Amino acid sequence: QKEVEQDPGPLSVPEGAIVSLNCTYSNSAFQYFMWYRQYSRKGPELLMYTYSSGNKEDGRFTAQVDKSSKYISLFIRDSQPSDSATYLCAMSSSVISSGSARQLTFGSGTQLTVLP
Amino acid sequence: EAGVTQSPTHLIKTRGQQATLRCSPISGHTSVYWYQQALGLGLQFLLWYDEGEERNRGNFPPRFSGRQFPNYSSELNVNALELEDSALYLCASSSRPDSEGYEQYFGPGTRLTVT
């Protein structure tokens, strides 16, 4: 079993829809959670960063972390064709300057297409 | 503010050769991370450098190595290239963590093709 599981999709939605992307994880030490957007053949772009449990909102994007269920989500409101990309969740356990602390563990990515 | 930069954009090498990839972090960032994104394998952690020292390496053979220079830029070297080394190599950087952690910002990547 992978440490981080993410539904690969592909996910196709009409413009304006609310998109829900999810990841589950097994390592209870994870406490830093990120969502990245990656366009084809480009580097990942950091969208959202959340420390520990709770919600965080930034414009059309909302990130949720439920550590008790080991489940994180990214919601995209009023989705646009420009949101069409692969979305990657990532997480790490600590910020100390040694060991596997800052090693990001990624989900496999969900490919999203927003149709005009 | 300039982001993470990587060079070259593309690199084509023959099996058995050596490849050198370069990364410049965001100004003020002291940590550099290297990841490999191979088709079908997702993003896998390779190496982490902080303040000039290697802090951690992922599950990759010793022919993957690198270093970090005094200006915090970094170099990834891949020796004795194999066909399966063909991938997008991504560099990320972060600043010193604060009370709520840190964020890793990625560069555009170097696409390495081994023939």
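Throughout, a residue's number is its position along its own chain's written sequence, starting from 1. Each chain is given a letter, starting from A, and each ligand a number, starting from 1, according to the order in which they appear as written. Only residues with pLDDT of at least 70 are given local features in this predicted model, and only at 80 or more are side-chain atom pairs given and counted; all residues enter the totals for whole chains, interfaces and linings. Where side-chain values are given, they derive from all heavy atoms of the structure, hydrogens and water being excluded.

### Thoughts on the packing of aromatic side chains
Pairing of aromatic rings covers Phe, Tyr and Trp, the last through its six-membered ring, and needs centres within 6.5 Å; plane angles under 30 degrees mean stacked, over 60 mean edge-to-face, and all others mean tilted. Scanning the entire structure with this criterion turns up 12 aromatic pairs over all chains. Relative to Tyr51(A), the ring of Tyr32(A) has its centre 5.0 Å away and its plane inclined at 25°; by these criteria the two rings are stacked. With Tyr32(A) in strand β4 (residues 32-38) and Tyr51(A) in strand β5 (residues 45-51), the pair connects residues that are 19 residues apart, well separated along the chain. The class of Tyr51(A) is partly exposed, set by a relative accessible area of 33%. Aromatic side chains Tyr36(A) and Phe106(B) sit 5.2 Å apart centroid to centroid with 85° between the ring planes, which places their arrangement in the edge-to-face category. Of the two residues, Tyr36(A) sits in strand β4 while Phe106(B) sits in strand β10 (residues 105-106), which places them in two different chains. Burial status follows relative accessibility: with a 1.4 Å probe on protein chains alone, a residue under 20% of its type maximum counts as buried, one over 50% as exposed, and anything between as partly exposed. According to the relative accessible area criterion, Phe106(B) is buried, its value standing at 10%. Helix and strand assignments come from DSSP, with helices taken as H or I runs of at least 4 residues and strands as E runs of at least 2, each series counted from the N terminus.

### Some points on the sheet that holds strand β7 (residues 64-68) of chain B
All names here are of chain B. At least two DSSP bridges between two strands are required for those strands to pair. Here we have four strands laid out as an open sheet, ordered β1-β3-β8-β7, and antiparallel in their pairing. Strands with a single pairing partner mark the edges of an open sheet, and in this sheet they are β1 (5-7) and β7. Taking the axes of each pair of neighbouring strands and ignoring which way they run, one obtains an average angle of 20° across the sheet. Where strand β3 (residues 19-24) lies against strand β8 (residues 74-78), five bridges are found, and the strand directions are antiparallel. Residue pairing for β8: Arg 22 is matched across the bridge by Glu 75. Between N-to-C directions, angles span 0 to 180 degrees; the directions come from axes that are lines fitted to C-alpha atoms, helices contributing only their stretch in contact.

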